[in-house]
Structures are given as C-alpha cells and as structure tokens.
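# Inside the fold
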Amino acid sequence: MFKLTRRLFGTGLFTAAVLASFGVMAEDLKEFRIGFQKTGLPVVAQQQKVIEKALEPKGVAVSWVEFTAGPPLVEALNVGSIDAGWTGDAPPIFGQAAGSAIVYAAALPSNGKGEAIFVKPDSPIQSLADLKGKKIGVGKGTSAHNLVVAALEKAGIGFGDVTPVYLSPADAAAAFASDKIDAWAVWDPFFAIAETRYKPRILTTSAETLKVNTYFLANRDFAASHAETITSAIGALKDAAVWADGNRDKVAAALHEVTGVPLEAQTIAANRTVFSIGPITDDIVAGQQQTADRFFKLGLIPKQITISDAVWTAPGN
C-alpha cells in the first residue's frame, strides 16, 4: 500500500494515493519528463534509452530536460514542469525548506571524488585553513555548497570567516579564470574540465570530507498519481548502472555523446563515478537530516525540516 501521511491528507492527495496503490492512474500519462545534469547515471540511462524501453509498452514517451545545477531542477519539479530528476544532497533540502512539492524516490552513491574545493596551482592558498578571508565561488543550495560548509567546519573555520560568491558553474568558471574568486567548489564534469585546463591544487573533495548521496527526486503529486512510472524508471536506472559498471570504457564516450563535454574531461569523471541506485534507507535519511540541521543552524535555510516527511514509498513497500 502507499504510505499515507498527514502530508498526504493535508494536501488533498489521499484520493490520488489510493488510486495509485491500486495501479489506477489519475489520468493517462503520455510523457515522462526527466531533469538531468551533464554527468552520472542519468546521462548513461539517456544514452542507453533504458527508461524509454521500459515505458514504451505503456505508451509513455520520455523527454529529457538539461539543467546546469540542482536548485533550478528542484524548482522545475516544484512547479511541475518536469516529473522527476537527479540532484546532489543539498538542493532537495533547500527545496523542502521552501515548501517545494518534491519527494525522495531513490538514492545514488555520491561521486565524492568528483566534487572538490580547489585553487589554481600558483595560488598562495595551500590548505583549507588558508581560505579564511577568501572568496569561494559556489552554487547556492548545491551539493558543493554543502561541501564548503562541512569542509570549513572540519577545518575549524566559521562559515562567516569566508566570503561565498554564489555563482552558476558557468559564471564561476569565468570568475575562476579571471581570478575574481580565490577558490572554486564544484562537481563533475565542471571539476574535471578545470582539472584538464588548470591542473589545480585540490584542497579537499567530498569523499575526504563527508558521506553523502545523490538523489532521484520526483514531483510529489506526480509520484502519488503515477507510482508505477517512478518504479519503472528506478528499475531502468538499475539496468543502466549494471551496464555502466561493466562497460566503463564506453561510459565516457556515452557521456560525451549526450552532453558535448570534452571526452578527456568526461573520461576523468567516468573513471571516478560509482554507478548504483537503491532505496532511501534510514541511514540515508539520518545523514541527510544532519545536513539539514547544519544548514538551519547556519541560517542557510529558513526553518527546520524533517527529511522523512519528503520520502516517497512505492506501493507494496
């Protein structure tokens, strides 16, 4: 049965949830819209067309919408312009705190080695401690934002002791190139592109700093009304993960083909990516809750949130 909560009753989704639990769609679905970024398992799934193959017998077409970062993807989920999508750990926290209509549907391992804080090789900044008083380029509400917060905390530096410069990856790349920021925190493939271009000094990576996941999210109403589609998509992503893990020599080419990012950078990104997808476990919820509590304590989100309120449970689970 669908997991019924006060949220469902309070938002008028009870009927949709019951219909979904019996396999009845609120309306016939013709198109499944997925948000993605230029790296990772969703891109492999797009290139392999595994979700298209899973949904074709049901008469459902699949469209892919590209985003440069997680926050705009979460906002698109909130307003219903896409139905599902993949982001890092921080965007859904900022979204939930803002009242976004999103749910966590599945978890993917974090590409911890593919997200870092780094400086140019000739920078006087040698360690995280040297970031005090410096400008750090980062996307607000992104997984890299969480990396900056956690890394500074681990180094004993207050978040208020640095100057975050909130920029999109493209704008941050320009600012980094022109030395308008002292350090840059970003994920693959932007990190990999910077590595090929600058050979930067890496101060820390997510893998060295904190244990997080990335997430397959869905619009809350869509997940309630079209549970079978979400379940089919997750199953297809599992198939893509198996293919990617066994064909790493072809993954970079697939990423390059879909995104247009230089093959050299995508090869770096592909070689350090963990390809897998699984359920949202209690441990994952607890870790995400710790991040949300940290953000609230620093005043980065306006209110405390309970992560478990936004976890979707498929019918029958």
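First things first, this report covers the structure right here in the doc. Here the residue numbering is sequential within each chain, running from 1 through the sequence in written order. Per-residue local features of the predicted model are confined to residues with pLDDT of at least 70, and side-chain atom pairs are confined, for both listing and counting, to 80 or more; whole-chain, interface and lining totals are unaffected and use all residues. To obtain the side-chain values, all non-hydrogen atoms of the structure were included, while hydrogens and water were left out.

### As for the pairing of strand E5 (residues 115-119)
- For E5, the buried fraction is high: five of the five residues fall into the buried class.
- When accessible area is computed with a 1.4 Å probe and restricted to protein chains, residues below 20% of their type maximum are described as buried, those above 50% as exposed, and intermediate ones as partly exposed. Helix and strand labels come from DSSP, where a helix needs a run of H or I of at least four residues and a strand needs a run of E of at least two; each type is numbered from the N terminus. In E5, alternate side chains face the same way, and those of Glu-115, Ile-117 and Val-119 on one face and Ala-116 and Phe-118 on the other are all buried.
- Here E5 runs beside strand E8 (residues 183-187); their pairing, made up of four bridges, is antiparallel. Note on E8: the bridge partner recorded for Ala-116 is Val-186.
- Sheet analysis places E5 next to strand E9 (residues 201-205), joined by four bridges and oriented antiparallel. Bridge pairing in E9 places Ile-117 opposite Thr-204. The pairing criterion is simple: DSSP has to find at least two bridges between the two strands.

### Topic: the nonpolar core
- Side-chain atoms within 4.5 Å are what join buried Ala, Val, Leu, Ile, Met, Phe, Trp, Tyr and Cys residues into a set we call a nonpolar core. Counting residues in each nonpolar core, the largest one holds 61 residues, and the members touching the most others are Ile-117, Leu-131 and Trp-184.
- It is helix H7 (residues 143-154) that contributes the most residues to this core, seven residues altogether.
- In this structure, Trp-184 is in contact with Ala-116, Ile-117, Phe-118, Gly-137, Pro-169, Ala-172, Ala-173, Phe-176, Phe-190 and Ala-194, ignoring residues within four places of it in sequence.
- Core analysis: the next-biggest nonpolar cluster, separate from the first, contains 41 residues, Ala-218, Ile-234, Ala-244 and Leu-255 among them. By definition, residues are in contact when any of their heavy atoms lie within 4.5 Å.

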